[in-house]
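Take a look at the letters that make up each chain.
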Amino acid sequence: MTIPRISSLLSRSFTSSASSALLSSIGRNSSRRGGIFRYSTAAVVEEPINPSVNVNYTQLLINGQFVDAATGKTFETLDPRTGNVIASVAEGDAEDVNRAVSAARKAFDEGPWPRMSPYERSKILLRFADLLEKHNDEIAALETWDNGKPFEQAAKAEVPLVIRLMRYYAGWADKIHGLTVPADGLHQVQTLHEPIGVAGQIIPWNFPLLMYAWKIGPALACGNTIVLKTAEQTPLSALYASKLLHEAGLPPGVLNVVSGYGPTAGAALASHMDVDKLAFTGSTATGKIVLQLAARSNLKPVTLELGGKSPFIVCEDANVDEAVELAHFALFFNQGQCCCAGSRTFVHESIYDEFVEKAKARALRRTVGDPFKAGIEQGPQIDSDQFEKILRYIRSGVENGATLETGGERFGKEGFFIKPTVFSNVQDGMLIAQDEIFGPVQSILKFKDLGEVIRRANATSYGLAAGVFTQNLDTANTLTRALKVGTVWINCFDVFDAAIPFGGYKMSGHGREKGIYSLQNYLQVKAVITPLKNPAWL
């Protein structure tokens, strides 16, 4: 009997049908498996745990200095556990974006960063990774406080993955090079891979620090300079990390961080005439606006990592207990606030009823509460807007005839907590099966055969990811090639590694993040042709 390896809190995989060993291996008490255990609001009613970290950086970071916004305005960043104010943060707008872009342009055109040897750039990124490792828990505490995700998830999985990403891209810095190209005639031909220039980057609130790393890592490794806009809901961890990056030796102006709102700071960055490249992670609706602004300005190239409505397909040969656990993780991880969440759970009709009952029981066992408390699986949603949006989708599911198996309402008396929610008898035409809810709402759909589930899984404007749960290699291969998505996880989910590319088909985006493919986003290719006279060979 083999115990499946859980690679990190960011991934789950199953390699054995021994469900009892499986459940033990991921830390649940075996005495609880026989019955249904309902949520306890104790963790929410208790006084929130006071984070052991100070908020020291709330200004804009421009040209290596923390400065106030040009207008002097600030906005409040809130604790989603309570809705209380954590800190007031400088509110950047178009004038601040102009200052940041000017600093980045000067750093690129005149500064040392693109002229530094790639090896020297790599050493700075490696020192940065060491500093992140030293301050792991402080950074994780800021992330949890500002975002609401479980501290154990932030400290044991997300910050270590950020560190790994920085070391990965440090390794790439001195391995970026062009080619010598054979050509007809008497010519020497070579290609140069040059940094693209000033990169504008806009990151979301669901994984603030991870998205920060996904963006700055390849851009810096390639020798670019950056203006990064954080999400207004979660500005704190990026400012803290950027201070550490400057301590590691990053020259002034290479990385500039502007906190602010999308319609002001974000729009100014997307439409700026002196930004050479734009990268955005967020909703598909906002991605369309960003792409339009980039096109209307200087036609800058744009990388987009957008929304998803990912299918999670449970085949008839599946071990139901294992499939339930993995499907639960695929949807509820990070409070369901994950672009690639397995939010359409397709289950074969022969095991559907058993699956629904066990999925309901698993949702009822999910521990919800203060994310700083040990053992908590689910914290609050990010803010009141997202909280209310999720509840509207839940109401629409009930009104459209889906069966609400459990959850569907507020959890506790304060903050933005929602009970883990499971719907059965979900039909493809329902909003909960079509729209990206971005919350802890599992929709379970029934299918008869592979042809049907392939057609239905692909019948969406999204194409970010998919999960497949089967013991049959032929079935896995058939689905892998048929699903129109950027990532397919087979008997695992949310396996994220620095080297694995991530991105979508269709309206889930353009381009790829992470891995070797991400470097292409931040490089220009130049062909250089020189005549040859009397060459000894061609």
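This text goes with the structure placed above it.
Parameters at a glance
- Residue numbers run consecutively from 1 along every chain, following the written order of its sequence.
- Note on the predicted model: pLDDT of at least 70 is required for a residue's local features to be given, and 80 or more for side-chain atom pairs to be given and counted; whole-chain, interface and lining totals, by contrast, use all residues.
- As a rule here, side-chain values come from all non-hydrogen atoms in the structure, and water together with hydrogens is ignored.
- Throughout, nonpolar core names a set of buried Ala, Val, Leu, Ile, Met, Phe, Trp, Tyr and Cys residues whose side chains join them through atoms within 4.5 Å.
- Summary of the burial criterion: residues with accessible area below 20% of their type's maximum are buried, those above 50% are exposed, and those between are partly exposed, where the area comes from a 1.4 Å probe applied to protein chains only.
- Only runs of H or I of at least four residues qualify as helices and only runs of E of at least two qualify as strands under DSSP, and these elements are numbered from the N terminus.
- Contact criterion: two residues are considered in contact whenever any of their non-hydrogen atoms come within 4.5 Å of each other.
- Here the rule is simple: two strands pair whenever DSSP picks up at least two bridges between them.
- Whenever a helix is involved, its axis is fitted only over the stretch in contact; in every case the axis is a line through C-alpha atoms, and angles between N-to-C directions fall within 0 to 180 degrees.
- In this scheme, a helix's expected span is set at 1.5 Å multiplied by one less than its residue total.

Asker: Would you mind showing me how to read the nonpolar core here?
Answerer: Within soluble globular proteins, side chains that are nonpolar generally end up buried alongside one another. With 105 residues, the main nonpolar core has Phe128, Tyr212, Ile216 and Phe355 as its most contacted residues. The element contributing the most residues to this core is helix H6 (residues 151-172), with 12 residues. Once you skip the residues sitting within four places of it in the chain, Phe128 turns out to touch Met166, Tyr212, Ile216, Ala241, Leu244, Leu245 and Ala248.

Asker: Just to check I follow, could you spell out the sheet that holds strand E16 (residues 421-424) for this structure?
Answerer: Pairing between sheet strands relies on hydrogen bonds along the backbone, with the strands arranged either parallel or antiparallel. With respect to topology, 7 strands assemble into an open sheet ordered E15-E16-E17-E14-E13-E18-E19, the strand pairing being mixed. Each having just a single partner strand, strand E15 (403-406) and strand E19 (487-490) make up the two edges of the open sheet. Averaged over all pairs of adjacent strands, the angle between their axes in this sheet comes to 25°, without regard to strand direction. With 4 bridges connecting them, strand E13 (residues 311-314) and strand E14 (residues 344-348) associate as parallel partners. Residue Ile313 lies in a different strand from E14, and its bridge partner there is Phe346. Those strands touched by helix H15 (residues 450-458) are E13, E14 and strand E17 (441-447), and its axis lies near 140° from that of E17.

Asker: In this structure, what is going on with the environment of Thr82? I would like to understand it.
Answerer: Along the chain, the position of Thr82 falls in the loop between strand E4 (74-79) and strand E5 (84-90). Residue class for Thr82 comes out buried when judged on its relative accessible area of 15%. Each C-alpha atom, one on Thr82 and one on Leu404, is 27 Å from the other, the two residues being 322 residues apart in sequence. Not counting residues within four places of it along the chain, the set of residues in contact with Thr82 comprises Pro48, Glu414 and Gly415.

Asker: Could you clarify how one ought to interpret helix H7 (residues 208-221) in this entry?
Answerer: What sets the pattern is the α-helix's 3.6 residues per turn: residues three or four places apart point alike. Relative to the 20 Å expected for 14 residues at 1.5 Å per residue, H7 spans 20 Å between its end C-alpha atoms, a close match to the ideal helical length. Of all the 14 residues making up H7, 14 are buried; the element is thus mostly covered by neighbouring parts of the structure. Looking one or two residues past H7, Gly223 carries a phi angle of roughly 95°, positive in sign.

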